[in-house]
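As a plain string of letters, each chain reads:
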Amino acid sequence: MLDNLGWLIQGFEQAATPMNLLYACIGVLLGTAVGVLPGIGPAMTVALLLPITYNVSPSAAFIMFAGIFYGGMYGGSTTSILLNTPGESSSVITAIEGNKMAKAGRAAQALATAAIGSFVAGTIGTVLLALFAPAISRFAVTLGAPSYLAIMLFALVAVTAVLGSSKLRGGISLFLGLAIGLVGIDSLTGQARATFGLPQLSDGIDIVVIAVAVFALGEALWVAAHLRQKPAEVIPVGRPWMGKSDWRRSWKPWLRGTAYGFPFGALPAGGAELPTFLSYITEKKLSKHPEEFGKGAIEGVAGPEAANNASAAGTLVPMLSLGLPTNATAAVMLTAFVSYGIQPGPTLFDKEPLLIWTLIASLFIGNFLLLVLNLPLAPLWAKLLRTPRPYLYAGILFFATLGAFAVNIQPLDLVLLLVFGLLGLMMRRFGLPVLPLIIGVILGPRIERQLRQSLQLGGGEWGSLFTEPVAIGVYVCMALLLLAPLVLKLMHRSEETLLLVEDDKDQREKAQA
Amino acid sequence: MIVVGYTADQYGQAALEHAMTEASLRGTGLLVVNSTKGDAYVDPAFAGAPEVHDVEERLKTSGLAYELTQPVGVDPVDELLTVMDRPDAELLVIGIRHRNPVGKLLLGSVSQQLILECQKPVLAVKPVV
């Protein structure tokens, strides 16, 4: 514990150097900007900025990416509150109460509670990250290949089967991702797989090309297909501030939101949407002013905003300690690790302690910078929404093409960019979630390697996969996760109604009252 | 029929005022066009529901025959020129702001295009300072 504190202080020394502070500033500015704009998110931005890893030192690059990640969570709330359109998928719940508050003339209070709540949650979340990640990583080093395989499989299953409305769509997306990850020359046997006879494909399809194609190009094509829409009304607001009663009503939701957000962010299936939803329901139940919900209750903004920032911190726990990405931005950041030649995994804390602790220290700094940026400047960020989309997406396409070409300077990558861009468009058209695809591409090869290592260590026996207690435990959890919906269906209740049944009761009571 | 190129700011309101005066002098109706290109998430020139309500109230109390349309996804200049091609359109009223030549080069000027390209008379008004 004490050495970790020592490392953290060293991290602060590094993070506070002018160069790293500059990158932190750029990161948080970009992050807030992309958070504010609907359709563009931190995952796409980090994917577009991956080419900078060729020239910039690892700590500076990761500081910028982490700033973008946190900033995205802050920026999303501004659009949700002022426009009723969520800037990020994690801000959907904030839009419910936040926009109502804004329409009632309390936009300043809504923005203030969102920004301060995000700061509180981000700080507490980062402290928890600094406490838990080293501990988990120390534990994870003792795990053997079978357990590590089990955990990665669990992450795959959880992301596919728990998130999203349809397991079938998640499964399709996952298998597409696994198939794309398969392309290349097999490292063990030297056999060419799915290379279609093209020698350029023997190294596999670069993850940068896929990430950029699916996120940036897919989104740009989708927006181009739905370009001309009625513009939304933005609610004019002055400087965000909160009154005393607002503070009193907000501080407990902030803490509760953090408590929801952090564990869910750390779990593979969590994401940021589920904890915000749970936080909203909890605040509605525990509120002393339940009649205000639906008309603009400040707790309904404070809790979910804290939850989504805490889940961003939570996502970094498995990413840094296990090398396991639990959301799209973490997945793309892992790619950056690999492109620096740093192996993500449990040994990261031992091999690159200064880098990791600099990153954690800069999270604290970035969080503070975000509060300073967002509190006075929120109305200014809303002005960003006036940019016509053609210009915005033209810029994104430019960087996307540049990034994809810069990876290997081969024209085939541009063709692949287009092909996977069309795939991204089709996925958006048919409602296939993008996250399982990216996780499949990134984790697929690693899972295969772990599987083969386990089998080789066990002498080719499939039973050797079940020898470690952690592995067995994880497989049991996985089975439970997959079977739970079937069991619930047998009990004549679906899992969606479990969450919604309370709301129905309230609505019926309201209708009768 | 008098056509008003309306925007949700002081220029549009000045245009509406002058158009209403003109319409009552000539004894004809009004067509208020508030279009948007639909490109951006937020368009400050597009009138939102409360403003539309206010404008309609004013038009109703003035006693003139009026029509208010809000086309989305059209180029503002093309839309107004198409509307002016109608046989019953007599006059186009727009509010103008001063733009220096560099501004016109960089951002374009809808009012300059309309004044130069519209075949029928154009009344360009400025808001009362």
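Remember, it's a predicted structure, so these values are computed and weren't measured experimentally.

(A) Region of interest: the domain arrangement of chain A. All names here are of chain A. Its domain assignment divides chain A into domain 1 (2-227 + 240-467) and domain 2 (468-513). Measuring from the centre of the C-alpha atoms in domain 1 to the corresponding centre in domain 2 gives 26 Å. On the side of domain 2, 11 residues touch domain 1, which itself brings 16 residues to the contact. No other element matches helix α7 (residues 145-161), which puts 9 residues into the side of domain 1 that touches domain 2. Counted by class, the side of domain 1 that touches domain 2 contains 13 nonpolar, 3 polar and no charged residues.

(B) Structural view of unusual backbone geometry. All names here are of chain A. Look at alanine 194: it is not a glycine, yet its phi comes out positive at around 55 degrees. Note on alanine 194: 12 C-beta atoms within 10 Å, which makes it exposed. Phi at isoleucine 409 is positive, roughly 45 degrees, even though this residue is not glycine. Along the chain, the position of isoleucine 409 falls in the loop between α16 (389-408) and α17 (411-430). Judged by the 7 C-beta atoms lying within 10 Å of it, isoleucine 409 falls in the exposed class.

(C) How the structure looks around helix α4 (residues 58-83) of chain A. All names here are of chain A. Under the 1.5 Å per step criterion, the end-to-end length of α4 is 37 Å for 26 residues, consistent within 8% with the ideal 38 Å. Of all the bends in α4, the greatest measures close to 25 degrees and is centred on glycine 72. Here α4 lies mainly inside the structure; 25 of its 26 residues are buried. Following α4 by one or two positions, asparagine 84 adopts a phi angle in the positive range, close to 65 degrees.

(D) Main features of the packing of helix α10 (residues 244-266) of chain A against helix α12 (residues 299-321) of chain A. All names here are of chain A. For the pair α10 and α12, the least separation of the axes is 6 Å and the interaxial angle reads 30 degrees. For the element pair α10 / α12, the angle class is roughly parallel. In the packing of α10 onto α12, the handedness of the crossing is right-handed. A per-class count over the contact of α10 with α12 returns 16 nonpolar, 11 polar and 4 charged.

Rules and cut-offs
- Residues numbered from 1 in each chain as written.
- Chains lettered and ligands numbered in written order.
- Predicted model: local features only at pLDDT ≥ 70, side-chain atom pairs only at ≥ 80, totals over all residues.
- Domains from an automatic or database assignment.
- Contact = placed C-beta atoms within 7 Å.
- Helix = DSSP H or I, 4+ residues; strand = E, 2+ residues; numbered from the N terminus.
- Nonpolar A, V, L, I, M, F, W, Y, C, P; charged D, E, K, R; others polar.
- Buried ≥ 20, exposed ≤ 12 C-beta atoms within 10 Å, placed from the backbone.
- Expected span 1.5 Å × (residues − 1).
- Bend = angle between axes of the 7 residues up to and from the residue.
- Axes fitted to C-alpha atoms, helices over the stretch in contact; angles between N-to-C directions.
- Parallel < 35°, antiparallel > 145°, perpendicular 65-115°, else oblique.
- Left-handed = near helix turned anticlockwise from the far one by under 90°.

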